[in-house]
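Here is what each chain is made of, one letter per residue.
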Amino acid sequence: MKKMLLIGLNELLLLSKDRMAIVWMLIAPLGLTFIACLVFGGPGSTSEAVVMDLPLVDHDGGEMAAAVLDVLSQAGNLCVETGYDEETARRLVEDGERAGAVIVPTGFSEAIRSRQPTSLELVVVPSGQTAPLLEGMVRGVTGGFANVQTVVEVAVGEARRAAGSHSPDYADEYIRKETIERAVATALERLHHPLVATRVTVVGADDEREFDAGSQIVPGYAVMFAMFTVLSAAGGILEEKERGTFKRLLISPLPKWALLGGKLVAQFLVGVAQIALLFVFGVLVFHLDLGDSPLGLLLITLATCWATTSLGVLLVAVIRSRRQIHPITTLVILGSSALGGSWYPLFLMPKVVQQVARITLVSWAMEGYNRLMIMGGSLADVWVNIGVLILYGATCFAIGLKLFRFKET
Amino acid sequence: MALVKVENLTKTYGEVHAVAGVSFEIREGEIFGLLGPNGAGKTTTIHVLCTYTEPTGGNVTVAGCSVTAEAETVKRAIGVVPQEIALYADLNAVENMRFFGRVYDVPEARLRQRIGELLQLVGLTEHAHKRVEHYSGGMKRRLNLAVGLLSEPRFLMLDEPTVGVDPQSRNAIFENIQALNRQGLTVLYTTHYMEEAQLLCDRVAIMDEGRIIALDTPQNLVQTLGTGLIRIGVKDGVSEEMLARLRALPRVHAVTRHDDSLAFETVDAQRALLDIIALFNEMDTPMTSLHILEPNLESVFIQLTGKQLRD
């Protein structure tokens, strides 16, 4: 163990000598996550081409509820279903038969007409994978409705009122400059303080909690960047092989496991630091909700980094040169991230792909993070994920140790 | 007493026989040289001795321990200065030495002392805290040597330790090795520079194509050439009759026929040359080249193989 720590400390010492590498190691994940949060987490953003069935329960029955239905129906990737009562709609979501459901509350139209704040409720599936996407879509569609449509309605209403006419056919001729200015001011006010909010709830958890897209994006990118430690671990060992220091270590009295383990320790710590930094960044900048189980979050992070660095050891055992390392690790990292749910919720993919995704450590890690951060789960909810990740790492490390060429044969 | 025993060592990579049945012993306290061109099998032999490479066949022991069955014991008895600059370029000399010393379990107090001694030995005390990446090639080689000595080994293997170094650093490395040898260190030194082997080594094994083709003291090996070696290029070879007449010349000790040349070991090269030229003229055989080589290990190699050491 002492020898393993010695190797690990030397790796960290070497890393500390390259300060710009450290800066980039931190800036790259932060920058990319920041951009992703802005793009996918902001209001009005929908980007998915897959069509989802979305039950809509209308308790209001007014024209604004009809407008919501109309706007949602026009979204190319939503197939809005009416006709379900709330209980059925919630059950469909709970049972995983629907990705989510929209509940239009009683008095929704009246609230908008009387300029009182109101909200649409989005109920999402407990897996957590679907929530950010649906949230983005519904927030985008209703946000557009709330902001733009309402602004137009209000503006036209103001114009009508000013003109003393209730007939839209004749409204325009009565509109005066000051009326338009007042309407625009009102519109801007609505843009900054929309009347209609999106309230997201998760069903199936112990309690229903609100969340934001960052709860998917930040851990998603954190896991993806943890996967990049695969590249660092494999690249570091191959680089040492080429420059001869690895040979010097191989002919020294170092146990094999300590040599590879030491290399792994350093990358493991770097991976943990990267994820921790991303979470701190998420909390400070995007007010990310880390959930109610700091211990669970810590353990899932440690297990994820253990699994990723061990995967690096396995890869370096089969990769023979530095020229091979980039194409192979890029395939593994980006493939696992895409397949495992770092970028897109798994439910968007065909069932068979979802099942295949279980072979990636990313899917287990993402599920764990989602359970903790989106569903407010406890340590007990992610034990399986932690266990699988530890086992995944142990298996990769053992196979890597077995396949690694410690001697020329 | 033999510290190292190599018996019928073979190492093959697919169809390539890197080492093809090599046997030798290294006595305690001697500097033993492995001399040969690139690809002769020197590095592979060292790799087997330092447990880095699994031999295909044969029996190799260091200090009585098998390099295959008792590798961990062997590792603690040996020091290796690899052909590569096996140092962390981002670290300074002290950081490199501290790390590798700890890898070899050198106690901290002894390690501090040892680092100071070795830096002084290789003349790098003033550069101890400078990053290795800023060292010259010679300084890197000297530090490479110092790191190989950290664990105070009984047996030190140096694989081409002077490649690419300036004459000053080369001399410094020679002096270091000789000083260490005087203190009782047994050394295996591989090189393709015959002057180095001749200057440093008590005994030399000349290797070519995975085999040892001669093994003796440098003096004895050179003496086999007599007073000089004459090498004459012949385009179409020579007849058996002419070869017999050449061998019968009074000042010619031996004649070796290679593909496109003849090598003459002579008693008196200058006078022998006159006789040889006269015979070539008499037999109307054209010469394509003519070299008179001073008697040294390179000439021995040429005489044995018909090839230059440095291709």
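The rules we used
- Throughout, a residue's number is its position along its own chain's written sequence, starting from 1.
- Labels follow written order: the first chain is A, the first ligand is 1, and so on.
- Reporting in this predicted model follows two pLDDT cut-offs: at least 70 for local features of residues, and 80 or more for side-chain atom pairs to be given and counted; totals over whole chains, interfaces and linings ignore these cut-offs and use all residues.
- To obtain the side-chain values, all non-hydrogen atoms of the structure were used and water was disregarded.
- The secondary structure listing takes helices from DSSP runs of H or I that are at least 4 residues long and strands from runs of E that are at least 2 residues long, numbered from the N terminus.
- Buried residues are those whose accessible area, probed at 1.4 Å on protein chains only, stays under 20% of the maximum for their type, while exposed residues exceed 50% and partly exposed ones sit between those limits.
- Where accessible areas are quoted, they stem from the Shrake-Rupley method and a 1.4 Å probe; at the residue level, only the protein chains shown are allowed to cover.
- A pair of Phe, Tyr and Trp rings is counted when the ring centres sit within 6.5 Å of each other, with Trp represented by its six-membered ring. The angle between the planes then sorts it: under 30 degrees is stacked, over 60 is edge-to-face, the rest tilted.
- When DSSP locates at least two bridges between a pair of strands, those strands are taken to pair.
- Working convention: axes come from line fits to C-alpha atoms, limited for helices to the stretch in contact. Angles between N-to-C directions cover 0 to 180 degrees.
- Contacts between residues were defined by any pair of non-hydrogen atoms, one from each residue, lying within 4.5 Å.
- In a helix, the anticipated span is given by 1.5 Å times the number of residues less one.
- The quantity called bend is, for any residue, the angle between two axes fitted respectively to the seven residues ending at it and the seven beginning at it.
- Two parts placed together each lose some accessible area under a 1.4 Å probe, and adding up what both lose gives the buried area.
- The rule for a salt bridge is simple: a side-chain nitrogen of Lys or Arg has to be within 4 Å of a carboxyl oxygen of Asp or Glu.
- Polar contact criterion, stated in full: a pair of N or O atoms within 3.5 Å, where within protein one must be able to donate a hydrogen and the other to accept it, and residues adjacent in sequence count only if both atoms are side-chain atoms.
- A 1.4 Å probe that fits but cannot get out identifies a cavity on a 1 Å grid over protein atoms alone, an open set with protein on both sides within 12 Å along at least five of seven lines counts as a pocket, and a residue lines either if it has an atom within 4 Å of a point.
- Grid points are joined across faces, edges and corners, and a volume is the space filled by probe spheres set on the points.
- All residues other than Ala, Val, Leu, Ile, Met, Phe, Trp, Tyr, Cys, Pro, Asp, Glu, Lys and Arg, Gly among them, are scored as polar; the first ten of these are nonpolar and the last four charged.
- To sort the angles, those under 35 degrees are grouped as roughly parallel, those over 145 as roughly antiparallel, those from 65 to 115 as roughly perpendicular, and the leftovers as oblique.
- We call a crossing left-handed when the near helix sits turned anticlockwise from the far one by less than a right angle, and right-handed when that turn is clockwise.

Observations concerning the overall build of chain A
Of regular secondary structure, chain A possesses 16 helices and five strands. Burial status across chain A gives 53% buried among its 409 residues. Surface exposure of chain A reaches about 18000 Å², of which carbon and sulfur atoms provide 62%.

Quick notes on the packing of aromatic side chains
Tallying each qualifying case throughout the model produces seven aromatic pairs over all chains. Judged by centre distance (6.1 Å) and plane angle (45°), the ring pair of W306 of chain A and F397 of chain A falls under tilted. Separated by 91 residues along the polypeptide, W306 of chain A in helix α12 (residues 294-318) and F397 of chain A in helix α16 (residues 379-403) bring together distant segments of the chain. A relative accessible area of 15% places F397 of chain A in the buried class. Taken together through their ring pairs, the aromatic side chains of Y88, F99 and F100 of chain B make up a single cluster.

Section: the pairing of strand β3 (residues 31-35) of chain B
Taken across its five residues, β3 of chain B has five buried, putting it largely inside the fold. In β3 of chain B, alternate side chains face the same way, and those of I31, G33 and L35 of chain B on one face and F32 and L34 of chain B on the other are all buried.

Focus: the sheet that holds strand β8 (residues 186-191) of chain B
Residues and elements named next belong to chain B. With respect to topology, six strands assemble into an open sheet ordered β6-β7-β8-β3-β9-β10, the strand pairing being mixed. The open sheet has two free edges, formed respectively by β6 (78-81) and β10 (211-216), since each of these has just one partner strand. Mean inter-strand twist for the sheet, computed between neighbouring axes without regard to direction, equals 15°. Its contacts with the sheet place helix α5 (residues 137-148) against β6 and β7 (155-159), and it is angled at close to 165° to β6. Across the sheet, helix α11 (residues 297-305) is in contact with β3, β9 (203-208) and β10; its angle to β9 comes to roughly 40°.

Side note on α16 of chain A
Residues spaced three or four apart along an α-helix face the same direction, because each turn holds 3.6 residues. All names here are of chain A. With 25 residues, α16 extends 35 Å from end C-alpha to end C-alpha; this agrees with the ideal 36 Å at 1.5 Å per step. The largest bend in α16 comes to about 25°, at N385. Along α16, the positions that sit buried rather than exposed are L379, V382, N385, I386, L389, G393, C396, F397 and G400. Buried residues in α16 make contact with α11 (256-286), α12 and α15 (361-373).

Quick notes on the interface of chain B and chain A
Between chain B and chain A, the residue contacts involve 33 residues of the former and 24 residues of the latter. When chain B packs against chain A, close to 2800 Å² is buried across both sides, 58% of that on carbon and sulfur atoms. When the buried area of chain B at its contact with chain A is split by residue, Y52, Y88 and V103 of chain B rank highest and sum to 24% of it. In this structure, the connection of chain B to chain A is made through three salt bridges. Across the pair K247 of chain A and E84 of chain B runs a salt bridge whose closest N-O atoms are separated by 3.0 Å. Summed over the shared surface of chain B and chain A, the number is twelve residue pairs in polar contact (both at pLDDT 80 or more). Within the residue set of the side of chain B that touches chain A, elements represented by two or more residues are β1 (2-13), α2 (71-77), β6, α3 (93-103) and α5 of chain B.

Here we look at the pattern of salt bridges
Going through the model one piece at a time under the given rule, you end up with 24 salt bridges over all chains. Taken together, the shared-partner salt bridges in this structure form one network comprising R110, R114, E117 and E152 of chain B.

Thoughts on empty space enclosed by the protein
Following the criterion strictly, the structure yields one cavity of 30 Å³ or more and no others. Of the pockets and cavities examined, the largest cavity occupies roughly 60 Å³. Lining of the largest cavity is provided by R248 of chain A together with I78, G79, V80, Y104, V147, G148 and S151 of chain B. Counting residues per element, the ones that place at least two in the lining of the largest cavity are β6 and α5 of chain B. Among the elements that make up the lining of the largest cavity, the one with the highest residue count is β6 of chain B (three residues). Broken down by class, the residue content of the lining of the largest cavity amounts to four nonpolar, three polar and one charged.

Brief notes about the packing of α3 of chain B against α5 of chain B
Residues and elements named next belong to chain B. Here α3 crosses α5 at 25°, and the two axes come no closer than 10 Å. Taken together, the axes of α3 and α5 are roughly parallel relative to one another. The two elements α3 and α5 meet at a crossing, and its hand is right-handed. Contact with α3, carried on its side by A93, M97 and F100, involves L143, A146 and V147 of α5 and no other residues of that element. For the contact of α3 with α5, the per-class residue count stands at six nonpolar, no polar and no charged.

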